[in-house]
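Structural overview for review
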Amino acid sequence: LSEAETSKIELLNSALEQVGDIDDLNHNRSDHPNDISAHDGNPSKQTKQMLKLRATLPSATITLINDFQGMDLALFKLTTTHCVFGGEVDFPVLSDSESPLFGCNVNTSVLAEYFDSTTFKWENFLVKPWEVTLNCSRSEQSRFPSDRLLTTFDIESHQCHVSFSEHFLVSVGAASRMWSVYSGATRQATELVASTTKDDSNKQRLSRSMAAHAARSLITTLPYALENHSGLNASYSIGEEHLQLPSNSTRFFQFDLFPESGSGGMRNYGQDVKKPRAVTVFVGDTEICIADIDREVGNRHAYFILEYATYIFTYVVKRGNSTVLHLSSQVEMYNLSSLPFRIAIFKDDTSQDLGHLSPIKKEKRKNEIREGNEPLSSHAIFGFPAPLISGFAVDSIENIQIQLIPVTNDNSELFGTLIVPPLQQLINMTGPGKDTVFEVSCSNWKETPFPSLVANVRTNVSFTGDSHPFIQLLIEPRAIMVNKLPIKTLVRTPMPHTYRTEGPQHQVDDESNEIVHSLNHNESVEIFTPGPSIALSMKLATSPISGTTTGWTDGVWKIIPLGKTEKLSSQGLRCLFPFEPTSQKSNQAPFENIGGIEIFILEEEDASPDFADKQNSLEGRKENFNENSTRTLVFTACNVAVDHSGCVLFKEEFESRIGDDKGKKDQPLFSSPVPVTLFPLSAFPSPRSRRRISLLPRSSRMIRVILQPVEGGTKRQSKPFSVSD
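Per chain, residue numbering runs from 1 following the sequence as it is written. Reporting in this predicted model follows two pLDDT cut-offs: at least 70 for local features of residues, and 80 or more for side-chain atom pairs to be given and counted; totals over whole chains, interfaces and linings ignore these cut-offs and use all residues. Calculated side-chain values reflect all of the structure's heavy atoms, with hydrogen atoms and water omitted.

What to know about the overall build of the protein
Counting its regular elements, the protein contains eight helices and 46 strands. In the protein, which comprises 725 residues, the share counted as buried stands at 43%. It only takes one pair of heavy atoms within 4.5 Å for two residues to be counted as in contact. Sequence separation of 24 or more characterises 64% of the internal contacts of the protein that already satisfy a separation of 6 or more. In the structure as shown, the protein presents an accessible area of about 39800 Å², 52% of it carried by carbon and sulfur atoms. Secondary structure elements are taken from DSSP: a helix is a run of H or I of four residues or more, a strand is a run of E of two residues or more, and numbering for both begins at the N terminus. Only protein chains enter the accessibility calculation, which uses a 1.4 Å probe; a residue is then buried when its area is under 20% of its type maximum, exposed when over 50%, and partly exposed in between. All accessible-area figures derive from a Shrake-Rupley calculation using a 1.4 Å probe, and residue coverage is judged against the displayed protein chains alone.

Shown next as C-alpha cells:
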C-alpha cells in the first residue's frame, strides 16, 4: 500500500473504533429515559462529522514592499509552485469533551527573490527551487494502548541554496528602522488620545484618526523627483499629464499603478515591469525622452544641444528615498563643506548672483517634502545658467570667473575669486581619474589684502558616452580633523575659521580669545585657516572616574601643515595628555616627567593598528593616498581597553623596556623624551554602556594590570606585559 492509502485505512479504523465505543456507551445507558436507544432501540449510525479538503495551487506570489515615508521599494518576493494540499478533520457529535482528529499533507516548491535597489532587478535569493513536504496528524496511538491522542508533525526538506548581497541586508535594515519609527509614532498618538479622551465611544475613532495623521506626517518625500539646475525654464510630462518645471526648482511625483484585471492597479518592479516608467522633458523646442528612469540610475551623463551652442545635461541618481532626474548645464557646483557660500558669476564685466549654496550634508538631513515648484535659491547643488557659459563649451580661450562669498557667524564680508581655465586646458590639467584642486583665498579687500579664509575647490571632469566633458566643482575645506577616540575631546586653536561639521559651533575662550571645539567620537572639525599650517592643542573633556586626571597636550602647540602637497609622516604626530595629580610627594620626579596618555594625529590613510611601529618615512606612500577626496586627519590611540568589572586599572612600565629597547634597529624613534610613568592610566566612563575605558600605549610598550577591590582589600598588580604579547 502507498503511504496515503495506509494513512486512510488507519484513519478509517480509528473512526470505526470510536463508533464501537459510542455503541457500548449507549448500550450501558439504555435504561435512561432520554437515551437514544430508548426510542428506536438502535444507536445512531452517524456519530461524527468529517470535513475533507483537497487543493491544488499552480502558483502563488507574495511581495513585501517598503512604502514607509513615501518610499516605493520592493524588498522580497516569495513564490510557491505546484502546491498540493490534502486534509480531513473528524468532529465528534455526541460528546463535547472529545477533541477533533485531523490529518493533512502539503507538498510544494518554493522560490524566493530579493530586489536589488542598485540595479533595479530581482535577484535569486534561493538559487534552486526548495522542495518541502509537510505531514501532520492528530489521532489515537497505535503502538501503545492509551486514551491520550498523539499529534505528529513530519517535515521533509530538500537542500536549500541561499544567495544574497549586502544590498538586501541594507534594504531590510532600512525598512526595519522605518517600521520602528512608524510604530512608535502611531503608539504615541494612540496613548495621547487614551490619556486625554474620556468618552469611550469616540476614543477608538480618534485613535485611528491620530494614528493615521502620525503616519502621514512621516511621509517626507515621494519616489521620484525632477530637479532643474540648467538656468532655463522647462516642462515635463508623465503619461498624459503636462507640468511646468521652472529654472532652479524641483518637483516630486509618483507614477500611476500598472493597470491589471479587477479594480485598482498592480505594483511591478524589476523584470516584472511591463510598461517602463517614461519621463519626457521639454526645454524650448528640444524634447528629451527618458525611456525608463529606473534603468538610467548610475549611468553616464547624456547631453543635448540647444540653439546658440547651449548644452543641457541629464543624469539620474538615487538620493535618499527618491530617484532624481537632474537637468543641468555643463558646469555644476556642490558644497561639501559645513560652511554656506553665496555664489556669483562674472559675465561681460557684470556680476550675476546665482544664489545661496548650502552645505550638502545639511541638505541630506532635511525631512520636509517640497511642494510643487519649490525654488532652489538655497540649495547644496546647482548648475551655472546654460546661457551664461555657452561660450565656454565652444571657445578655446574663454574661462569662467566665479565669486565665492562665505557666510560666517560673524557676518564678515569676505570675497574670493575662482578662475576656471578654458575647457581644453582644464581637461589637460585634470587627466583621467585625477582631480585638480584650486585654493581660493577669501578676504575683505577694503580692510586688508591678506587672505582671511581659504577653501579648496576640487574640479572633476567626466565624459558622456561620446566623450563630451561635464564639469563638477566641489567646495571643500582645506582639511578635516576627526575624533577617533571613544572619549569626548576638546580641540583648541588660536587660528581663525575652524567649524564643526555638525552640531553646535565652537566656543571662544574669553581670556585667550582661542577657539575651543568639543568633539564626541567620530565628530569632526573643518579647517579653513589661511597660511601654511595650523596650531592645535587637545584635552580629554571627560573627567576620569578612576586613575589620574590629565591636562592639555604636552608642549605649547602641535603644528599641522596645510599645503596641498603636505602630509604627516606614516607614524603620525605623537601627542601626550600629561598627568595632573592632585598631590605629589617630594621623592617623585618633577611634574613634567610623570608621564601621561599617548595619542597620535595621523592621516586617515595611515590609521592602521600597527601605525605606531611603522618606519618614519614618506617614501612609497603616495599611491595609498586618495588625491580625489578631502584631506582627513584623525587623532586616535594605539589601543583601547574596556573594563567590564569596574575594578581594573592599567599602568605603563617604561623603565622595564628601556634596557631591552637599546640596540634595536627597528625600534621607532620619537623626538620627545620617553617619560617614566608613576601614576596609573585614567579610566573613563563609556558613553554607551556601563563600562570603563582606558587608552593604552603602543603594542610594544610594557604595561601592568592593577586590580582594585570594590569593597576594601589589598590592591594587586600583574607582571609587566605588552599588548602584542
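Side note on the sheet that holds strand S42 (residues 684–685)
Strand order across the open sheet formed by three strands is S40-S43-S42, with antiparallel pairing between neighbours. Edge strands, defined here as strands with exactly one partner in the open sheet, are strand S40 (639–643) and S42. The pairing criterion is simple: DSSP has to find at least two bridges between the two strands. Here S40 runs beside strand S43 (residues 692–696); their pairing, made up of five bridges, is antiparallel. The partner of alanine 641 across the bridge, within S43, is serine 694.

A word on the sheet that holds strand S37 (residues 573–578)
Across the sheet, six strands lie side by side as S31-S34-S29-S39-S38-S37; this open sheet has mixed pairing. Both outer strands of the open sheet, strand S31 (498–500) and S37, are each paired with one neighbouring strand and no more. On average, adjacent strands in this sheet sit at an angle of 25° to one another, irrespective of strand direction. When strand S38 (residues 596–603) meets strand S39 (residues 632–636), the two strands line up antiparallel, connected through four bridges. Of the residues in S39, the one forming a bridge with leucine 602 is valine 634. Comment: axis = line fitted to C-alpha atoms, over the contacting stretch for helices; angle = value between 0 and 180 degrees taken between N-to-C directions.

What about the environment of isoleucine 293?
Turning to its location among the elements, isoleucine 293 is positioned in the loop between strand S14 (286–290) and strand S15 (302–305). The exposure class assigned to isoleucine 293 is buried, which follows from its relative accessible area of 0%. Expressed as a C-alpha distance, the spacing of isoleucine 293 and valine 316, which sit 23 residues apart in the sequence, is 7.2 Å. The residues contacting isoleucine 293, other than those within four sequence positions of it, are Tyr224, Phe255, Arg277, Val316, Thr323 and Leu325.

Section: the nonpolar core
Among buried residues, those of type Ala, Val, Leu, Ile, Met, Phe, Trp, Tyr and Cys that are joined through side-chain atoms within 4.5 Å constitute a nonpolar core. Counting 34 residues, the largest nonpolar core has Ile343, Phe384, Ile402, Leu418 and Leu473 as its most contacted members. In terms of residue count, the dominant contributor to this core is strand S27 (residues 453–463) (four residues). Once residues within four sequence positions are removed from consideration, isoleucine 343 is found in contact with Met333, Gln352, Asp353, Leu354, Gly355, Leu357, Phe382, Phe384, Ile402, Gln403, Leu404 and Ile475. Among the nonpolar cores identified, the runner-up in size contains 33 residues, and Met538, Ile560, Leu681 and Ile703 belong to it.

Here we look at helix H3 (residues 166–196)
Here H3 contains 31 residues, and its C-alpha end-to-end distance of 45 Å stays within 8% of the 45 Å for a straight helix at 1.5 Å per residue. Every buried residue of H3 is accounted for by Phe168, Ser171, Ala175, Met178, Gly184, Ala185, Thr186, Ala189 and Val193. A helix's residues, less one, multiplied by 1.5 Å, set its expected span.

Some details on the packing of aromatic side chains
Ring pairs are drawn from Phe, Tyr and Trp, using the six-membered ring of Trp, whenever the two centres fall within 6.5 Å, and their geometry is named by plane angle: stacked under 30 degrees, edge-to-face over 60, tilted for the rest. Summed over all chains, the structure comprises 20 aromatic pairs. Centre to centre, the rings of phenylalanine 125 and phenylalanine 168 are 5.6 Å apart; their planes meet at 55°, and the pair counts as tilted. Of the two residues, phenylalanine 125 is situated in the loop between strand S4 (121–124) and strand S5 (130–140) and phenylalanine 168 in helix H3; the sequence distance between them amounts to 43 residues. Judged by relative accessible area, which is 12%, phenylalanine 168 ranks as buried. Note on phenylalanine 253 and phenylalanine 255: the rings are 5.5 Å apart at their centroids and 80° apart in plane angle, and the pair reads as edge-to-face.

Let's talk about the pattern of salt bridges
In the sections that follow, a salt bridge refers to a side-chain nitrogen of Lys or Arg positioned within 4 Å of a carboxyl oxygen of Asp or Glu. Applying the stated criterion to the full structure yields 16 salt bridges. Among the ionic pairs, aspartate 294 bridges to arginine 277, the shortest N-O distance being 3.1 Å. Here aspartate 294, found in the loop between S14 and S15, pairs with arginine 277, found in the loop between strand S12 (265–266) and strand S13 (279–283); they are 17 residues apart in sequence, far enough to count as distant. The exposure class assigned to aspartate 294 is buried, which follows from its relative accessible area of 9%. Given a relative accessible area of 10%, arginine 277 falls into the buried group. We note a salt bridge from aspartate 292 to arginine 295, for which the minimum N-O separation is 3.7 Å. It is possible to trace a salt-bridge network through shared partners that takes in Asp67, Asp72 and Arg267.

Observations concerning the environment of valine 172
By the secondary structure assignment, valine 172 is in helix H3. Through-space distance from the C-alpha of valine 172 to that of phenylalanine 76 is 9.0 Å; in sequence the pair is 96 residues apart.

A short note on unusual backbone geometry
Residues other than glycine seldom take positive phi values, yet histidine 82 does so here, at roughly 55°. Examined against the element boundaries, histidine 82 turns out to sit in strand S2 (residues 73–92). Not every positive phi belongs to a glycine, and histidine 497 is a case in point at roughly 60°. Among the residues examined, histidine 497 registers a relative accessible area of 10% and is labelled buried.

A look at the side chain of serine 338
Topologically, serine 338 is positioned in the loop between strand S18 (331–335) and strand S19 (341–347). As used in this structure description, the phrase polar contact means that two N or O atoms lie within 3.5 Å; if the pair is within protein, one of them must be able to donate a hydrogen and the other to accept it, and residues adjacent in sequence are counted only when both atoms belong to side chains. Within the local environment of serine 338, its side chain forms a polar contact with the backbone oxygen of arginine 500, the two atoms lying 3.5 Å apart.

Some details on helix H7 (residues 423–430)
Because an α-helix packs 3.6 residues into every turn, residues spaced three or four apart end up facing the same way. All buried positions along H7 are accounted for by Leu423, Leu426, Ile427 and Thr430. The buried residues of H7 occupy one face: seen down the axis, they fall within an arc of 100°. Residues of H7 that are buried make contact with helix H6 (390–394), strand S25 (416–420), strand S26 (436–442), S27 and strand S28 (469–476). What the arc covers is the set of directions going from the helix axis to the C-beta atoms.

Description of the pairing of strand S17 (residues 322–328)
Across the seven residues that make up S17, a large majority, seven, are buried. Residue alternation in S17 divides its side chains into two sets, Ser322, Val324, His326 and Ser328 and Thr323, Leu325 and Leu327, and both sets are buried. Here strand S7 (residues 224–229) runs beside S17; their pairing, made up of six bridges, is parallel. In the strand pairing of S17, glutamate 227 is matched with histidine 326. Two strands pair when backbone bridges link them, and strand S16 (residues 311–319) and S17 are joined in this way by seven bridges, in the antiparallel orientation. The residue of S17 that forms the bridge with tyrosine 315 is histidine 326. Linking S16 to S17, which pair antiparallel, is a turn of two residues; within it glycine 320 sits at a positive phi near 65°.

Overview of the confidence of the model for the protein
Across the protein, pLDDT averages 78, with 78% of residues at or above 70. Confidence scores per residue from the predictor, reported as pLDDT, run from 0 to 100. In the model, residues 22–41 has pLDDT below 50 throughout and makes 14 contacts with residues more than four positions away in sequence or in other chains. A low-confidence stretch, residues 363–378 (pLDDT under 50), is modelled with 36 contacts involving residues beyond four sequence positions or located in other chains.

Points about a nonpolar patch on the surface
The grouping of Val162, Phe164 and Leu169 at the surface amounts to a nonpolar patch, some 280 Å² of accessible area in total. Relative to the assigned elements, leucine 169 resides in helix H3. Only residues whose relative accessible area exceeds 30% and that take part in no salt bridge are eligible for patches, with like-charged residues grouped when within 9 Å of each other and nonpolar side chains (Val, Leu, Ile, Met, Phe, Trp, Tyr) grouped when within 5 Å.

Examining the environment of leucine 707
Structurally, leucine 707 is set in strand S44 (residues 702–707). With relative accessibility at 27%, the residue leucine 707 sits in the partly exposed group. Separated by 58 residues in sequence, leucine 707 and leucine 649 have C-alpha atoms that sit 6.5 Å apart. What leucine 707 contacts, discounting residues up to four positions off in sequence, is Cys647, Val648, Thr714, Lys715 and Arg716.

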